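Residues per chain, in single letters:
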Amino acid sequence: MLRLFFFELFKLFRLRSARLGLLFAFFLPFLWALAPGLKEVYGLVLASGWQVVSLSLLAGMEFLFPFLVVMAAGEALGSEVAQGTLKSLLLRPLPRTLLLLAKLLAVLLYPFVLLSVSFLGGLLAGLFHGLGPFYGGTGLGEGGFAGAGLLTPDRAFLELLRAHLLAGAVLTPLASLALLYATLFLSTAAGALAAVATLLLMRLLVAFPALTPFLLTTYLDLHLRPQAAGLGLSLLFIYTAGFALLAVLIFRRKDL
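Just so we're clear, the structure is a prediction, and the values are computed from it rather than from any experiment.

Describe the pattern of salt bridges, naming the residues involved and giving the relevant values.
Evaluation of the coordinates by the stated rule reveals six salt bridges. Residue Glu8 is joined to Lys103 by a salt bridge in which the shortest nitrogen-to-oxygen separation is 2.9 Å. Within this pair, whereas Glu8 is found in helix α1 (residues 2–12), its partner Lys103 is found in helix α6 (residues 96–126), the two being separated by 95 residues in sequence. Neither Glu8 nor Lys103 differs from the other in exposure class; each is buried. Arg225 is the salt-bridge partner of Asp221, the closest N and O atoms lying 3.0 Å from each other. Through salt bridges with shared partners, a single network forms among Glu8, Lys11, Glu80 and Lys103.

Outline α1, supporting the account with residue identities and numerical values.
Among the residues making up α1, those that are buried are Leu4, Phe5, Glu8, Leu9, Lys11 and Leu12. Burial along α1 is one-sided: seen end-on, the buried residues are contained in an arc of 160 degrees. For α1, the exposed residues set more than 90 degrees away from the buried face come down to Leu2 and Arg3. Check the buried side of α1 and you find it contacts α2 (16–34), α4 (49–83), α5 (85–90) and α6.

Summarise the environment of Leu160; cite the residues concerned and give the values.
Among the secondary structure elements, Leu160 is positioned in helix α7 (residues 153–185). The class for Leu160 is buried, based on a relative accessible area of 0%. Leu160 sits 109 residues away from Gln51 along the chain, and the two C-alpha atoms are 9.3 Å apart. With sequence-adjacent residues up to four places away left out, Leu160 is seen in contact with Trp50, Val53, Ser54, Phe119, Thr138 and Leu140.

Let's hear about the packing of aromatic side chains: which residues, and what values?
A full pass over the atoms with the stated rule returns ten aromatic pairs. Here the aromatic rings of Phe26 and Phe30 are separated by 5.7 Å at their centres, their planes lie at 50 degrees, and the arrangement is tilted. Of this pair, Phe26 and Phe30 are both found in helix α2, four residues apart, which corresponds to roughly one turn of the helix. Classification of Phe26 as partly exposed rests on a relative accessible area of 22%. Residue Phe30 is classed as partly exposed on the basis of its relative accessible area, which comes to 26%. Between the aromatic rings of Tyr181 and Phe185, the centroid separation amounts to 6.0 Å while the plane-to-plane angle is 10 degrees, which identifies the pairing as stacked. Here Phe185 and Tyr181 lie together in helix α7, a separation of four residues that amounts to about one turn.

Pulling in residues and values, what's your account of the nonpolar core?
Grouped together as the largest cluster of nonpolar side chains are 80 residues, with contacts concentrated most on Phe65, Val107, Tyr110, Leu114 and Leu216. Sorting the residues of this core by element identifies α1, α2, α4, α5, α6, α7, α8 (188–204) and α9 (229–253) as the ones contributing at least two each. At 16 residues, α7 tops the list of elements feeding residues into this core. What Tyr110 contacts, discounting residues up to four positions off in sequence, is Leu12, Phe13, Ser17, Ala18, Gly21, Leu22, Leu68, Val69 and Ala72.

Cut-offs used in this document
Residues numbered from 1 in each chain as written. Predicted model: local features only at pLDDT ≥ 70, side-chain atom pairs only at ≥ 80, totals over all residues. Heavy atoms only, no water. Salt bridge = Lys/Arg side-chain N within 4 Å of Asp/Glu carboxyl O. Helix = DSSP H or I, 4+ residues; strand = E, 2+ residues; numbered from the N terminus. Buried < 20%, exposed > 50% of the residue type's maximum accessible area, 1.4 Å probe, protein only. Arc of directions from axis to C-beta. Contact = heavy atoms within 4.5 Å. Phe/Tyr/Trp six-rings, centres within 6.5 Å; stacked < 30°, edge-to-face > 60°. Core = buried A, V, L, I, M, F, W, Y, C linked by side-chain atoms within 4.5 Å.

In C-alpha cells form, the structure reads like this:
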C-alpha cells in the first residue's frame with residue numbers, strides 16, 4: 001500500500017493542474033509584497049513580512065486554493081480515464097479499493113503541500129519587509145493586523161502555522177469531494193465543476209439556520225476561527241471520510 005501511495009503521489013505531482021497550483025501558490029505572496037495599493041484598498045500598511053504570509057493565506061482561501069485543490073483532485077482520476085491508462089492499470093491483480101485509497105491519500109496530502117509552498121513563498125516575499133519583532137498583528141490573531149502591541153517572530157510563526165494547518169484541514173474534504181465526483185463522472189472538468197457547485201449550493205443552505213452548524217461551508221473560514229476547531233475539525237473529518245467512502249463504493253461498481 002505504501003509503495004502504491006508513493007506511486008500515486010508521484011503521478012499527482014506530474015499533473016499540470018497540480019504543478020500550476022504550486023506555482024501560483026508560491027508567487028501569490030509576491031503580489032501582496034509588491035502591491036502599491038494596499039493602503040488605499042485595504043487600509044493596510046505592511047509592518048512585517050509575516051503579514052505578507054497571512055495576506056496570501058487569506059486571499060488564497062477565498063477562492064484560489066479551494067479551486068486549485070478540486071482541480072488537482074479531479075484530474076488525479078479524470079486524467080487517467082481520458083488517457084486510457086486506468087483500464088490497463090485495473091487489469092493488474094490490484095484491488096480497486098486500494099487503488100482509489102492510494103489516490104485519495106495523495107490528493108488529501110496535496111492541500112498541505114500547496115499551503116506549505118505558499119508559506120515558503122510568503123517568507124521569501126516578506127524578507128524585504130523584515131521578519132523580526134514588530135508592532136502589529138498577523139491578521140490571524142488578537143487585534144487583527146493592528147495587533148495588541150509588540151509581536152515576536154516565534155509568536156507570529158505559531159499563529160501562521162496554526163492557521164495554515166487549519167486551512168489544510170478545511171481543504172481536505174474539498175479534495176475528497178472532487179475525487180468522489182471524478183469517480184462518478186469519470187471526468188476532470190465535471191468532477192471539479194460539480195464540487196464547486198456543491199459548495200455554492202451549501203452556501204445557500206444558510207437560509208436554514210438549523211442546518212448551518214453542520215454544513216461544510218460553515219467551516220471554510222476555520223483558519224480565522226481557531227476557537228471553533230473542536231467541532232469544526234470533527235465535522236471536516238466526517239465529511240472527508242464520508243465522501244471517500246462513497247467514492248470507494250462507486251468505484252468498486254463502476255463499469256470502466
